[in-house]
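So you can see what is in the structure, the chains are spelled out below.
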Amino acid sequence: MTQPSLTAQRRAEEKEQRRQSILDAAEHSIGRKGLDALTMGDIAEAARLSRGLVYVYFQDKIDLFNALAHQAMTELTSRFQAAVAAHEEGISQIRAVGHAYITFAYERPVLFEALARFETRELDPDEAEHHEAAMLGASHSTMETMIGAIAHGQADGSIRPDLDPAKTAVTLWGFIHGMIQVGSMKNAMLEQQFGFDSEALMGHAFEMADLMLRPS
């Protein structure tokens, strides 16, 4: 197979750098204006590119947002894998994955929003567009990381053996995802009505998940 020339490699690298600069500009702009008010012109201005060039890389705002969702899931997968690698016991791996998700949501709120919006849609893998298909692939890798940690915990005795790893992984994903949304949007209400904040709520959620997962 013929190897690409240095010129071709350089052009490919420059293209990827420009694409990433557009995504970075979009993330920053969404953080300031919100997704619904944002235009492709705003993104082009933030990236210091022409609007026409932005359209070379992304068909429209939805296409760009799907690319952000893919970036979010890819980064989240890396964080999950690092969390699992840092612990030996399966139950500790799963707990670390939950903390990694919370940290991601608070450190990268725009990417979390992109992920959350994408998760509200149901896609047929056979009909998914480029960025949608990439997102589905990244999502599969993320869930496989969780499933592996649960199966590992069952093997080492720290997680109940009667749980189905795949069903449990999806349940935990939905549980922690929902808790992050409640904690980020309802913190003031929690303090006023119930006398505890989102941090205390998260701690309680982890205690409940721990009780559900550990052998009796």
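The present account deals with the structure reproduced in this document.

Thresholds, definitions, all that
Residues numbered from 1 in each chain as written. Predicted model: local features only at pLDDT ≥ 70, side-chain atom pairs only at ≥ 80, totals over all residues. Heavy atoms only, no water. Core = buried A, V, L, I, M, F, W, Y, C linked by side-chain atoms within 4.5 Å. Buried < 20%, exposed > 50% of the residue type's maximum accessible area, 1.4 Å probe, protein only. Helix = DSSP H or I, 4+ residues; strand = E, 2+ residues; numbered from the N terminus. Contact = heavy atoms within 4.5 Å. Salt bridge = Lys/Arg side-chain N within 4 Å of Asp/Glu carboxyl O. Axes fitted to C-alpha atoms, helices over the stretch in contact; angles between N-to-C directions. Parallel < 35°, antiparallel > 145°, perpendicular 65-115°, else oblique. Nonpolar A, V, L, I, M, F, W, Y, C, P; charged D, E, K, R; others polar. Phe/Tyr/Trp six-rings, centres within 6.5 Å; stacked < 30°, edge-to-face > 60°. Left-handed = near helix turned anticlockwise from the far one by under 90°.

In terms of nonpolar packing, the biggest core is built from 59 residues, with Leu64, Leu68, Tyr101, Leu115 and Trp173 touching the most fellow members. Ranked by residues supplied to this core, first place goes to helix α4 (residues 61–85) with eleven residues. What Leu68 contacts, discounting residues up to four positions off in sequence, is Leu23, Ala26, Glu27, Ile30, Leu111 and Ala114.

Moving on, we come to unusual backbone geometry. The backbone of Arg48 shows a phi angle near 60°, a positive value even though the residue is not glycine. By the element assignment, Arg48 lies in the loop between α2 (40–47) and α3 (51–57).

Attention now goes to the pattern of salt bridges. Tallying each qualifying case throughout the model produces eleven salt bridges. Between Arg117 and Asp36 there is a salt bridge, and its shortest N-O distance comes to 3.4 Å. Of this pair, Arg117 sits in helix α6 (residues 109–119) while Asp36 sits in the loop between α1 (6–33) and α2, and the two are 81 residues apart along the sequence. A salt bridge links Asp162 to Arg160; its shortest N-O distance comes to 2.6 Å. Taking relative accessible area as the criterion, Asp162 reaches 55% and is therefore assigned exposed. In this structure Arg160 comes out as partly exposed when scored by relative accessible area, which is 25%.

The relative placement of two packed helices comes down to the angle between their axes together with the axis-to-axis distance. With their axes 10 Å apart at the nearest point, α1 and α4 run at an angle of 95° to one another. Relative to α4, the element α1 lies roughly perpendicular. On the side of α1, the interface is formed by Arg19, Gln20, Ile22, Leu23, Ala26, Glu27 and Ile30, while α4 contributes Leu64, Phe65, Ala67, Leu68 and Gln71. Of the residues that constitute the contact of α1 with α4, the class distribution is eight nonpolar, two polar and two charged.

When α2 is considered as a whole, its buried residues turn out to be Met40, Asp42, Ile43, Ala44 and Ala47. In this structure, the buried side of α2 is in contact with α1, α3 and α4. At the C-terminal side of α2, Arg48 shows a positive phi close to 60°.

Turning our attention to the packing of aromatic side chains. All chains considered together, the criterion is met by five aromatic pairs. Between Phe80 and Tyr101 the ring centres are 5.9 Å apart and the planes differ by 80°, which places this aromatic pair in the edge-to-face class. Here Phe80, found in helix α4, pairs with Tyr101, found in helix α5 (residues 90–107); they are 21 residues apart in sequence, far enough to count as distant. Accessibility classification places Phe80 together with Tyr101 in one group, the buried group. A ring pair is formed by Phe194 and Phe196, whose centres lie 5.9 Å apart and whose planes are at 20°; its orientation type is stacked. By relative accessible area, which is 32% here, Phe196 ends up partly exposed. Taken together through their ring pairs, the aromatic side chains of Phe80, Tyr101, Phe112 and Trp173 make up a single cluster.

Relative orientation of the contacting elements helix α8 (residues 165–185) and helix α10 (residues 198–213) amounts to 165°, with a least axis distance of 10 Å. Here α8 is positioned roughly antiparallel relative to α10, judged by the angle of their axes. The two elements α8 and α10 meet at a crossing, and its hand is right-handed. Side by side, α8 and α10 meet where Thr168, Leu172, Phe175, Ile176, Met179, Ile180, Val182 and Gly183 of the first sit next to Ser198, Leu201, Met202, Ala205, Phe206, Ala209, Met212 and Leu213 of the second. Of the residues contributing to the contact of α8 with α10, the split by class is 13 nonpolar, three polar and no charged.

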